[in-house]
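Inside the fold
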Amino acid sequence: MTTSQQKSHIHRTVLNNGIVVLVVENPAADIIAARIFVRAGSCYENQEQAGLAYLLSTVLTKGCNGLSSLEIAEQVESLGASLGADIASDYFLLSLKTVTSDFAQMFTLAGRILRSPTFPEAEVELERRVALQDIRSQKEQPFTIAFDQLRDAMYENHPYARSALGNEATMSRLTRRDLVEYHQTHFRPENIVISIAGRITPENAIALVQQVFGDWQASPIQPLQKLDLPELNVEPQIKVTPQQTQQSIVMLGYLGASVLSNDYASLKLLSTYLGNGLSSRLFVELREKRGLAYEVSAFYPTRLSRASFVVYMGTAPENTQVALSSLRKEVDLLFTTELEEDALQAAKNKILGQYALGKQTNAQIAQMYGWYEVLGLGIDFDTDFQEAIASLRATDTMAAAHQYLREPYISLVGQEQAVHGAILNYNS
């Protein structure tokens, strides 16, 4: 077991079986939160099994060695605790939160669930049906349709092209056996990061983790699976879905940078400047001044592979064409015109302020440091990111925009005449 203390308040330990344990002692409240991250996100699925990691997240807590779904629920609820599983592209997550006196009991339960889930057939079937209903309902949501076809255009065969739910065909095929195999393949100690924050000493936290997980050994037969993601080289294209909707969804996407890139901070700032909140550039220019948008925003998620930088607008059908050209114009300005110093500083203040507010609770602290660790960024990223944002110059953001935000992938959903007319004018 190796222990290091890269920051005064964050203790990082690697158990002999490869599990990384992060502990932040925070005695302010009588609460302890833990986040157990597994490198088993939807990126690790086969394309034919899309939705498998999501299904596993819904069934994981519905039965484990010696306990039924009801017995697990009763244990959690009798303590007033919370326990839940979730899925992202790059990782799988089991979360728990409880008062200090019940933490050992809850963490032991979480360990049993993570290590020996039973995936009862009835629960698998129930959750699969619920997932299929969700997939069908999303087909009626214009924003989801627009985003799905944008991802499909941008990522093609890459896992980021897929919804976490998969599609009707893949979800319908999934079986209990698939869940068991996926769990055996990816849920192993060297794939796990455990992050704990709250009223507990590092020594006590590590002793508890050792007690619950210390005897878990990786399979000597099955080697650890490494991600082998395809290259992204799809040419920008336009996707249109005609639909009888009250508004048009206009969406532009750009292949941005991975979180591992030096350009990540610049694109994060530009996304904030463009579309974060009521003072953002898109909101002020396109909604407040011109009345074009029902809603308008930008987002740029944090991803291990190249993330999508997206701007979008919901607008009246008759405004589809001008909405498309106006969104494109606003993004183009990022690489043709330097941000003014006050706009640059305002975006920095907004990011750093929201960042500070995002690590107030023990749950947020456990989430953040565990997330950085499982992505391979390390706990120093907390400081590195803030310093990178603070030191950005207008020339840096302009250079990043020039590299990543030149040619958009376009996705439109709306009334046929409106969306096809917008594309005809866009191409002319």
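Only a predicted model underlies this, so the values are computations on that prediction, with no experimental measurement involved.

**Some details on helix H8 (residues 202–213)**
Between its terminal C-alpha atoms H8 stretches 16 Å, which fits the 16 Å expected from 12 residues at 1.5 Å a residue. The complete set of buried residues in H8 reads Pro202, Ala205, Ile206, Leu208, Val209, Val212 and Phe213. Relative to the axis of H8, the buried residues are bounded by an arc of 160° and lie together on one face. Turned more than 90 degrees off the buried face of H8, the exposed positions are Glu203 and Gln211. The inward-facing, buried residues of H8 contact strand S2 (10–14), strand S3 (20–25), strand S4 (31–38), helix H3 (103–115) and strand S9 (192–198).

**Digging into the pairing of strand S8 (residues 92–99)**
Most of S8 is tucked away, with six of its eight residues classed as buried. Pairing of S4 with S8 involves eight bridges; the strand directions are antiparallel. Bridge assignment links isoleucine 36 to a residue of S8, and that residue is leucine 94. Where strand S7 (residues 82–87) meets S8, six bridges bridge the pair, whose relative direction is antiparallel. Residue pairing across strands places glycine 84 opposite serine 95, the latter belonging to S8. Linking two consecutive strands that pair antiparallel, namely S7 and S8, is a turn of four residues.

**Re unusual backbone geometry**
Positive phi is not limited to glycine here, since phenylalanine 119 has a value of about 45°. Looking at where phenylalanine 119 falls in the secondary structure, it is placed in the loop between H3 and helix H4 (121–138). When its relative accessible area of 2% is taken as the criterion, phenylalanine 119 is described as buried. A positive phi angle, close to 50°, is found at glutamate 156, a residue other than glycine. With respect to the helices and strands, the residue glutamate 156 is situated in the loop between helix H5 (142–155) and helix H6 (168–173). According to the relative accessible area criterion, glutamate 156 is partly exposed, its value standing at 46%.

**Points about the packing of helix H11 (residues 320–336) against helix H15 (residues 394–404)**
Between H11 and H15, the shortest axis-to-axis distance is 7 Å and the interhelical angle comes to 125°. Judged by the angle between their axes, H11 and H15 are oblique. Here Leu334, Phe335 and Thr336 of H11 come into contact with H15, specifically with Met398, Ala401 and His402. Its residues placed into classes, the contact of H11 with H15 shows four nonpolar, two polar and no charged.

**Comments concerning the sheet that holds strand S13 (residues 308–315)**
Pairing is mixed in the open sheet, where five strands are placed in the order S10-S14-S11-S13-S12. The sheet terminates laterally at strand S10 (238–242) and strand S12 (293–299), the two strands that pair on one side only. In this sheet, neighbouring strand axes are inclined to one another by 10° on average, regardless of whether the strands run parallel or antiparallel. With five bridges joining them, S10 and strand S14 (residues 409–414) adopt parallel strand pairing. Bridged to isoleucine 238 within S14 is isoleucine 410. Set on the sheet, helix H16 (residues 416–427) makes contact with S10, strand S11 (248–255) and S14; between it and S10 the angle comes to about 160°.

**Section: the UniProt feature "domain: Peptidase M16 N-terminal" (unreviewed entry) in the chain**
Sequence positions flagged by UniProt for "domain: Peptidase M16 N-terminal" (unreviewed entry) are, in local numbering, residues 21–166. For residues 21–166, the end-to-end C-alpha separation is 32 Å, with 43% helix and 21% strand making up the annotated structure.

**Regarding the nonpolar core**
Counting 74 residues, the largest nonpolar core has Ile36, Phe103, Phe107, Leu114, Ile194, Ile196 and Phe213 as its most contacted members. If we skip the residues at most four places from it in the chain, phenylalanine 107 touches Ala34, Ile36, Leu96, Ile194, Ile196, Leu208, Val209, Val212 and Phe213. Within the second largest apolar cluster, 66 residues are counted, among which are Leu93, Leu270, Phe335 and Leu412.

**Description of the pattern of salt bridges**
Per the counting criterion, the structure on display carries 21 salt bridges. Residues aspartate 30 and arginine 199 are paired through a salt bridge, measuring 3.8 Å at the closest nitrogen-oxygen approach. In this pair, aspartate 30 is assigned in the loop between S3 and S4 and arginine 199 in the loop between S9 and H8, connecting sequence segments 169 residues apart. Owing to a relative accessible area of 36%, arginine 199 belongs among the partly exposed residues under this scheme. One network of salt bridges, in which partners are shared, links Arg281, Glu285, Lys289 and Glu330.

About the thresholds
- Residues numbered from 1 in each chain as written.
- Predicted model: local features only at pLDDT ≥ 70, side-chain atom pairs only at ≥ 80, totals over all residues.
- Heavy atoms only, no water.
- Helix = DSSP H or I, 4+ residues; strand = E, 2+ residues; numbered from the N terminus.
- Expected span 1.5 Å × (residues − 1).
- Buried < 20%, exposed > 50% of the residue type's maximum accessible area, 1.4 Å probe, protein only.
- Arc of directions from axis to C-beta.
- Contact = heavy atoms within 4.5 Å.
- Pairing = 2+ DSSP bridges.
- Axes fitted to C-alpha atoms, helices over the stretch in contact; angles between N-to-C directions.
- Parallel < 35°, antiparallel > 145°, perpendicular 65-115°, else oblique.
- Nonpolar A, V, L, I, M, F, W, Y, C, P; charged D, E, K, R; others polar.
- UniProt positions renumbered as here; feature names shortened; annotations may be inferred.
- Core = buried A, V, L, I, M, F, W, Y, C linked by side-chain atoms within 4.5 Å.
- Salt bridge = Lys/Arg side-chain N within 4 Å of Asp/Glu carboxyl O.

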